[in-house]
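Close look at the chain arrangement
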Amino acid sequence: SINEETVELLQPYFNMEDYTLEHGKKVCGNVAGLLSWTQAMAIFYGVNREVLPLKANLAKQEGRLKIANAELAKAQEALDEKQAEMDKVQAKFDAAMKEKMDLLNDAETCRRKMQAASLLIDGLSGEKVRWTQQSKEFKSQINRLVGDVLLCTGFLSYCGPFNQNFRKLLLKDLWEAEMRAHKIPFSENLNLISMLVDPPTISEWNLQGLPGDDLSIQNGIIVTKAARYPLLVDPQTQGKSWIKKKEQDNELQVISV
């Protein structure tokens, strides 16, 4: 119930020198309390007059804040829904992009294979003549196979004790002439070495110490291919060294008689 007019009417009393708590106590304790109360109520009115608009504004702003928070919650809910939809669409997009990349990679792989196949076909087209000629050569070689095998087995069985000149004499002058007489087909200028052993084996023998000349290679073929145990006449000990090196992993035992 205090108003501004009441405070104005109290102001002359407040300005009096003896209107204080100390002077009031000298007169009467109750008067001092009443005096202090009137001053406090006037001060409270001044403060309250400034606080009330602030409280009203606070309540108003709190109402606005509540409305804004509600609108924010709705907006956040809508945002969450849209975010969920966007996540689904993004997942579909990522899956589609992955499928696209897989298709592109497959297409590129297929393109490379087609290019390789085209190059292979173009490259092989030039081999047609050679293959046709080689096919004819294979047929002829098959017809000569019996005679070639006969010469090879004769070489393995009987040529071991002789030198290179006598081996050629046996092959060229005697055996081939005998085969012509009996009309047995064979390869002219037959290479016994390439017929009986492959180049990697010859290279391995060379690494093991066998000399690379034709006679030594032929001797190596006889040692490894013949059915009977060979007897080596080896004054230079090259064959002995080669056999030791070749058979060292097989625990070869060497004895002296």
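Only a predicted model underlies this, so the values are computations on that prediction, with no experimental measurement involved. (Residues numbered from 1 in each chain as written. Predicted model: local features only at pLDDT ≥ 70, side-chain atom pairs only at ≥ 80, totals over all residues. Heavy atoms only, no water.)

**Concerning the side chain of Ser187**
Stated precisely, the cut-off is as follows: Per the convention used, a helix needs a DSSP run of H or I reaching at least four residues, while a strand needs a run of E reaching at least two, with both numbered from the N terminus. Exposure classes here rest on a 1.4 Å probe applied to the protein chains alone. A residue is buried below 20% of its type maximum, exposed above 50%, and partly exposed in between. Pairs of N or O atoms are called polar contacts if they sit within 3.5 Å, as long as, within protein, a hydrogen donor faces a hydrogen acceptor (for residues adjacent in sequence, only side-chain-to-side-chain pairs). Contacts are assigned to residue pairs with any non-hydrogen atoms lying within 4.5 Å of each other.
Looking at where Ser187 falls in the secondary structure, it is placed in the loop between helix H5 (164-181) and helix H6 (192-196). A residue is classified by how much of its surface remains accessible, and Ser187, at 11% relative accessible area, is buried. A distance of 2.7 Å separates a polar atom in the side chain of Ser187 from a polar atom in the side chain of Asp148. For Ser187, the residues in contact, after removing those within four places along its chain, are Arg144 and Asp148.

**Overview of the pattern of salt bridges**
Two side chains that carry opposite charge are able to pair once their charged atoms sit near each other. Under the convention used in this document: What counts as a salt bridge is simple: a side-chain nitrogen of Lys or Arg found within 4 Å of a carboxyl oxygen of Asp or Glu.
Considering all chains together, one arrives at 8 salt bridges under this definition. Between Lys98 and Asp102 there is a salt bridge, and its shortest N-O distance comes to 3.2 Å. With Lys98 and Asp102 both in helix H3 (residues 29-125), this residue pair falls 4 residues apart, about one helical turn. The exposure class assigned to Lys98 is exposed, which follows from its relative accessible area of 53%. Classification of Asp102 as partly exposed rests on a relative accessible area of 34%. In this structure, the salt-bridge partner of Lys246 is Glu247, at a minimum N-O distance of 3.2 Å.

**Overview of the UniProt feature "domain: Dynein heavy chain ATP-binding dynein motor region" (unreviewed entry) in the chain**
Definition in use: UniProt positions are given in the numbering used here, feature names are shortened, and annotations may be inferred rather than shown by experiment.
This chain's UniProt record puts "domain: Dynein heavy chain ATP-binding dynein motor region" (unreviewed entry) on residues 204-256. The distance separating the terminal C-alpha atoms of residues 204-256 is 27 Å; by composition the span is 47% helix and 0% strand.

**Some thoughts on helix H8 (residues 214-225)**
Three or four residues apart is the spacing at which side chains of an α-helix point the same way, because the helix has 3.6 residues per turn. We count it as follows: Here the expected span of a helix is defined as 1.5 Å times the quantity of residues minus one.
Over its 12 residues, H8 extends 16 Å from the first C-alpha to the last, a length consistent with the 16 Å expected when each residue adds 1.5 Å. Restricting attention to buried positions, one finds in H8 the residues Ser216, Ile217, Gln218, Gly220, Ile221 and Ile222. Along its buried surface, H8 packs onto helix H4 (128-158), H5, H6, helix H7 (199-207) and helix H9 (238-246). Looking at where H8 begins, the residue whose side-chain oxygen comes 3.3 Å from the main-chain nitrogen of Leu215 is Asp213.

**Quick notes on the domain arrangement of the chain**
Filter applied, for reference: How far each domain reaches was decided by an automatic or database domain assignment.
Along its sequence, the chain is carved into domain 1 (4-77) and domain 2 (139-237). If you average the C-alpha positions of domain 1 and of domain 2, the two centres end up 131 Å apart.

**Examining unusual backbone geometry**
Most peptide bonds take the trans configuration, and most residues that are not glycine carry a negative phi. With a phi close to 55°, Asn189 is a non-glycine residue in the positive phi region. Examined against the element boundaries, Asn189 turns out to sit in the loop between H5 and H6. Using a relative accessible area of 65% as the deciding quantity, one classes Asn189 as exposed. We note that Glu251 has phi near 60°; this positive angle belongs to a residue other than glycine. Along the chain, Glu251 falls in the segment after H9. For Glu251, a relative accessible area of 68% puts it in the exposed group.

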